[in-house]
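A look at the structure
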2 protein chains.
Amino acid sequence: MNAGSISAATVAALVAGVPSGSGARGSVPRGSGPGGTPQPPVPGATPRSGQPAYRELAIRLRHLIGDGRIPVGTRLPSERDLPVALGVSRTTVTRAYAVLRDGGYLASRRGSGSVAQLPGGALPAHGPLIARPSDASTIDLTYAALPASAGTLQAYERALSVLPRYLAVPGYDPVGLPETRAAIAGWFAGRGLATEADQIVVTTGANAALAAAAQALGRPGQRVVMETPTYANAIHTLTAARLRPTGVPMIGGADVGYGWDVETFAATLRRSGAPLAYLMPDFHNPTGALMPAGQRAELVDVAARVGATLIADETFVDLPLDLTDAEMPAPLAACGDGVITIGGTSKAFWGGVRVGWIRLPSTLPTSRAKSSSTGAELGSVRALRDQVLYARHCLDLGTPILEQLVTVELLAARVEIMRERREALRRQRDVLLSELRVGLPEWACSAPTGGVNVWCELPRPVASGLVRAAQPLGLLLAAGGRFAVGGGMESRLRLPYTVGEDRLREAVRRLRQAWDVASETTPPETPWPPLVA
Amino acid sequence: MNAGSISAATVAALVAGVPSGSGARGSVPRGSGPGGTPQPPVPGATPRSGQPAYRELAIRLRHLIGDGRIPVGTRLPSERDLPVALGVSRTTVTRAYAVLRDGGYLASRRGSGSVAQLPGGALPAHGPLIARPSDASTIDLTYAALPASAGTLQAYERALSVLPRYLAVPGYDPVGLPETRAAIAGWFAGRGLATEADQIVVTTGANAALAAAAQALGRPGQRVVMETPTYANAIHTLTAARLRPTGVPMIGGADVGYGWDVETFAATLRRSGAPLAYLMPDFHNPTGALMPAGQRAELVDVAARVGATLIADETFVDLPLDLTDAEMPAPLAACGDGVITIGGTSKAFWGGVRVGWIRLPSTLPTSRAKSSSTGAELGSVRALRDQVLYARHCLDLGTPILEQLVTVELLAARVEIMRERREALRRQRDVLLSELRVGLPEWACSAPTGGVNVWCELPRPVASGLVRAAQPLGLLLAAGGRFAVGGGMESRLRLPYTVGEDRLREAVRRLRQAWDVASETTPPETPWPPLVA
């Protein structure tokens, strides 16, 4: 595998932490870097923290290779060129390269210079991690999830350096480390939602948070109101918790944008007697819709009046692409009392961390002295917290300590990480949308302002057939029906822009081929669907 | 905090990896080490892997401090004495100490030499991790769980070195990494139970494994048969999965040893129509009983005939104290078809890792073409695997990648780690039992041959009162009723020997005090119990 070479100027820019104009894996710019030479002081030349310059340089290059900003197989600049670009001595570069070679991050081959590699070898990027018939050339668009963000490896290293503090305790932690809860509470506070650490329960991912909340607040056979389409796993998780999902259709469409019908939502809540409603107000999965502030207040108000608890899933809230953080509407939980918020690190940072959270409300609606769900006193937030903790404890006994420490580090580096993340996602979204316009002009596709998904309207209800036609072409897709409460949506398809630009172009090429097949044939019965995330 | 000093000979023995005769935290032997001077070659003098000797020495000392074998606050040997004991140059020791000081593992104070510390400061050892009214002097015997084993920090460091391989994939892994499943399968195979990696599902702990299995195999309202007493969280988890636990009493007693009544078990299985039974045949929690081979075969046979699935919880199987691994009875799943085995890293290694597993059977009993639990075809192991995976996916979407890699490392180092673990546990068990004989002669206490618990029979049914009396004395206990299916057992108490010898002595002293209070008073109604693990 050879991903080409990388110029000394680009390496210098990356080492200095300058956005390289290319955060995407596999697309490090060739030739001269931004502006030709790096402007800010090169950390290799001005070592921090008492490290020798060569060691600091080695650490930075290791991180760049480790998290894919310098792709595996890339030829690094020669030991003659790099010192000039970095403004350091040749010895510094030579020794740094030696450290990288010792650590398995650099292979020196006669004639091809020093090539980036990973100790143990790289897994096929973008290939599915869970077992599916597949190879490296398969493009998996069933997952609306990204590779690890830049900075993930550093977060793990920093977390490991403080892990010894915790080795003397048994390590069961169903509530969450104080520092992790404080970091999550601080992230909420930064979004204008004052939050105490005691309002946070750390879980093994956002889905586990939903499972615990559903277990705590619903009784078998009760209804749960949710959007349709919605997050596929939420349907499964709430059903597994013995609740009966009732879908409220999203309104609008790809042309005018998707949105919520608050009136129908309110009527459904009232009629169903559901103790719970599950919502994704922030870049709704799969439509990408963002709920306006006015509707948020209305919905919270309605729920309080009928005595239902709203669960706001904020999985994608950290991924606005056309808005700044400051322009985001206030969190649903900031619009009234009693809202439970769930979220996690999986979509914004990395799915491999598996840390999520439940934010409990600080106050409950005055109308709700008794819960309609269990008959138990829910008049106090403390009783609610006990119920949620108990339910969580019956699913798993705690979140791994190290992953919690990693979460603290990721949240601390959030602004910088998200800048790069969003930049890459914007580019990938734009590539996907323009390729779809050209390659599949008969489709109507949403133009999301955040999140990672495009929701496509097909002119014929053959999404399942399309999925089947695409598989032998090396393209894995999730048909619209997967996201529908109660089935249907055979004329819908979710396309995440979570893989690199080149792969998105190739994906649309294969999609066009598959569409030509599928749109000519009538689909047979759909089989039991595989899992998605 | 000062834990005393440690001799150069002891440090040399620890650095060389010689069992020091004291794996217990806080009880590193003072004075000369075992045999006066270490026999095997000191790794500091014969560096491996191309590391300079000073760096290898620093790494080893860091691990010893990090995992508590050199307790925080211990004064290390002087830079004059240690070189002699290690057979290395003074420069090597001086430079190694400098590396440790830079990393925050050593504080050099005028007059008190070089003192072990942890970067960021240590948490109170043995204090509860989850929020409870407590301080460092509180002894928490509600948790039957140990601090991290020696070797845990190394396992994390090795795992982190291969993490970059995985950063390019989304990281959702509901099945388990191939290498982790292979390592777990290999561990089963080493115990005489041939296992393919495909039979393993990796979960976020053994309790999550139970939750997934219960969700997959039981329907709301159905019975589940289990021992009473049993693991407290299993009662909660199975109840939360909407099953109704039916207890089969353990027979025998502290004097003659505890055991199983297979006939009653069989009759209860038949009568209840339970699709599931949950068992802990290997150092049953809380009695410590070990099921004889003959009974294993009988139980598996009975379950197959009535069409119930046995779930064997092997949480403590790696902790025999008076038997060798070879002397252990065959696993329950080796005694016939259709047994589901669950286990994890929490008890043997560390609860903070949160990795568990489900081992699915390779064959099902011929009698079971249809499951009595769901009506679904369970004729194939493949269908069973799909059901379990689906249920697991509805609880959480996967196990953290790094923790899975840590598990591979821990299992690879298992033999060495368990040698030290078991040695410490044997000493702690013996101290607890002898202290109980002297301090509370009116009690009858089990003498477990493995696991971490002593099960005590009190001469009066006042266990809840005893727990209340102990708390203000700084001793947290779990009353027998916590482990009883359907309540009762007020004359029983579980005492884990999971804290160091000195603390066990102090615990029994406080226990005696509390007993004097409790045995004189009649207990009021018990409140809602707090969580245990």
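This report concerns the structure included in the present document. These figures come from a predicted structure and were not determined experimentally. (Residues numbered from 1 in each chain as written. Chains lettered and ligands numbered in written order. Predicted model: local features only at pLDDT ≥ 70, side-chain atom pairs only at ≥ 80, totals over all residues. Heavy atoms only, no water.)

Right, let's get into the interface of chain A and chain B. Every contact between the two is made by 79 residues of chain A and, on the other side, 79 residues of chain B. Taken over both partners, the interface formed by chain A and chain B buries close to 6,900 Å², and the fraction arising from carbon and sulfur atoms is 66%. Where chain A meets chain B, there are 0 salt bridges. Between the two partners, chain A and chain B, sit 22 residue pairs in polar contact (both at pLDDT 80 or more). Listing elements by their share of the side of chain A that touches chain B, those giving two or more residues are α2 (53-66), α5 (152-162), α7 (206-217), α8 (232-240), α11 (381-393) and α12 (401-412) of chain A. (Contact = heavy atoms within 4.5 Å. Buried area = accessible area lost by both parts, 1.4 Å probe. Salt bridge = Lys/Arg side-chain N within 4 Å of Asp/Glu carboxyl O. Polar contact = N/O pair within 3.5 Å; in protein donor to acceptor, adjacent residues only side chain to side chain. Helix = DSSP H or I, 4+ residues; strand = E, 2+ residues; numbered from the N terminus.)

Residues and elements named next belong to chain B. Look at helix α2 (residues 53-66) against helix α5 (residues 152-162): their axes get within 8 Å of each other, and the N-to-C directions meet at 120°. The orientation of α2 with respect to α5, classified from their angle, is oblique. Contacts between α2 and α5 pair R62, H63 and G66 from the former with L153, Q154 and E157 from the latter. Taken together, the residues that form the contact of α2 with α5 break down as 1 nonpolar, 3 polar and 2 charged. (Axes fitted to C-alpha atoms, helices over the stretch in contact; angles between N-to-C directions. Parallel < 35°, antiparallel > 145°, perpendicular 65-115°, else oblique. Nonpolar A, V, L, I, M, F, W, Y, C, P; charged D, E, K, R; others polar.)

Residue and element names in this part refer to chain B. Look at helix α6 (residues 178-190) against helix α12 (residues 401-412): their axes get within 9 Å of each other, and the N-to-C directions meet at 30°. Judged on the interaxial angle alone, α12 and α6 are roughly parallel. The handedness of the crossing between α6 and α12 is left-handed. The segment α6 lies against α12, with E179, T180, A183, I184 and W187 engaging Q404, L405, T407, V408 and L411. (Left-handed = near helix turned anticlockwise from the far one by under 90°.)

Here we take up the relation of the copies chain A and chain B. The operation relating chain A to chain B is a screw motion whose rotation component is 180°, with 0.0 Å of axial translation and a residual RMSD of 0.1 Å. Within this description, the copies of the chain are treated as partners about a two-fold rotation axis. Taking the C-alpha atom as reference, chain A places L395 of chain A closest to the rotation axis, 3.6 Å from it. When the interface residues of chain A are mapped onto chain B, 100% of them again lie at the interface, so the same face is used by both copies. (Least-squares fit on C-alpha atoms with pLDDT ≥ 70 in both.)

On a regular strand, one side chain projects to one face of the sheet and the next to the other, so that they alternate. Residue and element names in this part refer to chain B. By the criterion of burial, strand β11 (residues 340-344) is predominantly enclosed, with 5 of the 5 residues buried. Residue alternation in β11 divides its side chains into two sets, I340, I342 and G344 and T341 and G343, and both sets are buried. For strand β10 (residues 309-313) and β11, the ladder comprises 3 bridges, and the chain directions are parallel. Within the sheet, the bridge partner assigned to D313 lies in β11 and is I342. (Buried < 20%, exposed > 50% of the residue type's maximum accessible area, 1.4 Å probe, protein only. Pairing = 2+ DSSP bridges.)

Residues and elements named next belong to chain A. With mixed pairing, the 7 strands of this open sheet are ordered in space as β4-β12-β11-β10-β9-β5-β6. Two strands lie at the open edges of the sheet, namely β4 (200-203) and β6 (244-249), each paired on one side alone. Taking the axes of each pair of neighbouring strands and ignoring which way they run, one obtains an average angle of 20° across the sheet. The pairing of β4 with strand β12 (residues 356-359) spans 4 bridges and is antiparallel. The residue bridging V202 from the neighbouring strand is W357, located in β12. Seen against the sheet, α7 touches β4, β9 (276-279), β10 (309-313), β11 (340-344) and β12 and runs at an angle of roughly 155° to β11. With respect to the sheet, α8 is in contact with β5 (223-228), β6 and β9, its orientation differing from that of β5 by roughly 175°.

So, to be careful, I would describe these as geometric facts and stop short of saying anything about function.
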